[in-house]
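What the coordinates show
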Amino acid sequence: MNSEPCKARDELKRLRRLVDQQVTAHSNMAGSIASVQRIKDIIIFAFSILLVATAFVDPAILSLFFANDMSSRLALGFGSLTIFFLSSLSLFLGWTRKAVEHESTSTELFEIKQMIREELARENLEDDRATLIKKRYDLINTKAPKLNDKQFLKAKAKHLRKVRLSKMLDRRPHASVACLRFRFWIHDNFYSWAEKHEN
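Keep in mind the model is a prediction, meaning the values are calculated, not measured. (Residues numbered from 1 in each chain as written. Predicted model: local features only at pLDDT ≥ 70, side-chain atom pairs only at ≥ 80, totals over all residues. Heavy atoms only, no water.)

**A look at the overall build of the protein chain**
Here is the rule we go by: By definition, any uninterrupted DSSP run of H or I lasting at least four residues is a helix, any uninterrupted run of E lasting at least two residues is a strand, and each is numbered from the N terminus. Note on classification: 1.4 Å probe, protein chains only; a residue is buried when its accessible area is under 20% of the maximum for its type, exposed when over 50%, partly exposed between these limits. The contact criterion used throughout is that any non-hydrogen atoms of two residues lie within 4.5 Å.
A tally of regular secondary structure across the protein chain gives seven helices and zero strands. Burial analysis of the protein chain (199 residues in total) assigns 25% to the buried set. In the protein chain, 77% of the contacts between residues at least 6 apart in sequence involve partners at least 24 apart.

**Focus on a positive patch on the surface**
The condition is simple: Patch membership needs two things, relative accessible area over 30% and no salt bridge, and members are linked within 9 Å if like-charged or within 5 Å if nonpolar (Val, Leu, Ile, Met, Phe, Trp, Tyr). Shrake-Rupley sampling with a 1.4 Å probe provides the accessible areas, and residues are treated as covered by the protein chains on show and by no other component. Salt bridges are counted wherever a side-chain nitrogen of Lys or Arg sits within 4 Å of a carboxyl oxygen of Asp or Glu. Charge convention: Lys and Arg are scored as positive, Asp and Glu as negative, and His as well as the terminal groups of each chain are ignored. A single reference atom marks each charge: NZ on Lys, CZ on Arg, CG on Asp, CD on Glu.
A grouping of Lys150, Lys154, Lys158, Arg161 and Arg181 is seen on the molecular surface, where their side chains present a positively charged patch. At four residues, the largest contribution of residues to the positive patch is made by helix H6 (residues 149-171). On the secondary structure map, Arg161 appears in helix H6.

**What about the side chain of Lys40?**
Following the sequence through the fold, Lys40 ends up in helix H1 (residues 3-54). Setting aside residues no more than four positions away along its own chain, Lys40 makes contact with Leu86, Ser90 and Trp95.

**So, the nonpolar core**
Test applied: For our purposes a nonpolar core is just a set of buried Ala, Val, Leu, Ile, Met, Phe, Trp, Tyr and Cys residues, chained together by side-chain atoms within 4.5 Å.
By size, the foremost hydrophobic cluster in this structure holds 15 residues, and its most contacted members are Leu12, Val19, Ile112, Ile116 and Ile133. Of all elements in the fold, only H1, helix H4 (95-121) and helix H5 (127-143) reach the threshold of two or more residues within this core. What Ile116 contacts, discounting residues up to four positions off in sequence, is Leu12, Leu15, Arg16, Val19 and Ile133.

**Quick look at the layout of surface pockets**
Rule in force here: Definitions used for this entry: grid spacing 1 Å over protein atoms alone; cavity, a set of points where a 1.4 Å probe fits but cannot get out; pocket, an open set with protein on both sides within 12 Å along at least 5 of 7 lines; lining residue, one with an atom within 4 Å of a point. Grid points are joined across faces, edges and corners, and a volume is the space filled by probe spheres set on the points.
One number sums up the size of the largest pocket: a volume of about 300 Å³. As for the largest pocket, its lining consists of Thr24, Lys158, Leu160, Arg161, Lys162, Arg164, Leu165, Arg181, Phe184, Trp185, Asp188 and Asn189. Broken down by secondary-structure element, the contributors of at least two residues to the lining of the largest pocket are H6 and helix H7 (177-198). The greatest single-element share of the lining of the largest pocket, amounting to six residues, is contributed by H6.

**As for H5**
So the rule is basically this: Here the expected length of a helix is defined as 1.5 Å per residue gap, with one fewer gap than residues. It is the directions from the helix axis to the C-beta atoms that the arc portrays.
Between its first and last C-alpha atoms H5 spans 25 Å; for 17 residues at 1.5 Å apiece the expected length is 24 Å, and the two agree. Within the span of H5, buried status applies to Ala130, Ile133, Tyr137 and Ile140. Within H5, the buried residues cover an arc of 85 degrees as seen down the axis, which keeps them to one side. Along H5, the residues that are exposed and aim more than 90 degrees away from the buried face are Asp128, Lys135, Leu139, Thr142 and Lys143.

**A look at the pattern of salt bridges**
Across all of its chains, the model carries ten salt bridges by this definition. The partner of Lys40 in a salt bridge is Asp41, with the nearest N and O atoms 3.4 Å apart. For Asp41, a relative accessible area of 41% corresponds to the partly exposed category. In this structure, the salt-bridge partner of Glu119 is Arg129, at a minimum N-O distance of 3.4 Å. You can see Glu119 sitting in helix H4 and its partner Arg129 sitting in helix H5, a full ten residues away along the chain. Shared partners join several salt bridges into a network, and the residues in it are Glu119, Arg122 and Arg129.

**A look at H4**
Residues that lie three or four places apart on an α-helix share one face, since the helix turns once every 3.6 residues. Taking 1.5 Å of rise per residue, the 27 residues of H4 would be expected to cover 39 Å, and the 39 Å separating its terminal C-alpha atoms lies within 8% of that figure. Along H4, the positions that sit buried rather than exposed are Trp95, Ala99, His102, Thr105, Ser106, Leu109, Ile112, Lys113, Met115, Ile116, Glu119 and Leu120.

**Regarding the environment of Phe152**
Within the secondary structure layout, Phe152 lies in helix H6. A relative accessible area of 32% places Phe152 in the partly exposed class. Along the backbone, Phe152 and Gln22 are 130 residues apart, and their C-alpha atoms lie at a distance of 8.4 Å. Setting aside chain neighbours within four positions, we find Phe152 in contact with Gln21 and Leu147.

Written out as structure tokens, the structure is:
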């Protein structure tokens with residue numbers, strides 16, 4: 001009699017774990033792309049300042065840094081090409097668009113996560129409501145930017161580390177986060193391997 005609600009509840013719990021991982025994955029991708037964008041913008045800004053500054057620098061001062069006039073021209077040309085290359089690279093690879101897509105997907109999936117949490121908190125779970133949530137998740141997933149295996153596994157590992165660290169901090173709120181991370185790293189990379197080979 002209660003098998004259908006239990007089945008729907010189990011399905012929502014499974015979907016919540018999956019959505020939680022995807023939220024972390026897309027959020028990390030958006031953050032990574034944004035970091036690369038910031039580094040690129042800083043490099044472009046620095047080279048632009050140097051190029052503009054050379055227009056006001058006395059040639060005698062430039063001769064202290066360059067052996068001859070040809071080398072100074074080559075340096076200025078290299079700087080101009082670097083600025084052009086980095087500016088074109090961003091447009092060609094569509095970094096801004098990809099960052100927005102990942103951020104938007106992360107936000108939409110987070111809303112799904114909240115809906116699942118609210119539904120699971122209900123005493124009487126509505127099957128139609130669970131089906132609606134699943135359909136909305138499928139719709140978001142079809143238009144979401146794809147993650148390759150390497151990106152997904154990296155994001156999954158980061159998400160599981162976050163969950164594990166969060167649970168440990170719940171028990172030991174004054175523990176050092178850096179020390180806990182180091183402890184987990186040692187255990188997973190050395191102790192687990194040793195235990196496996198001993199058995």
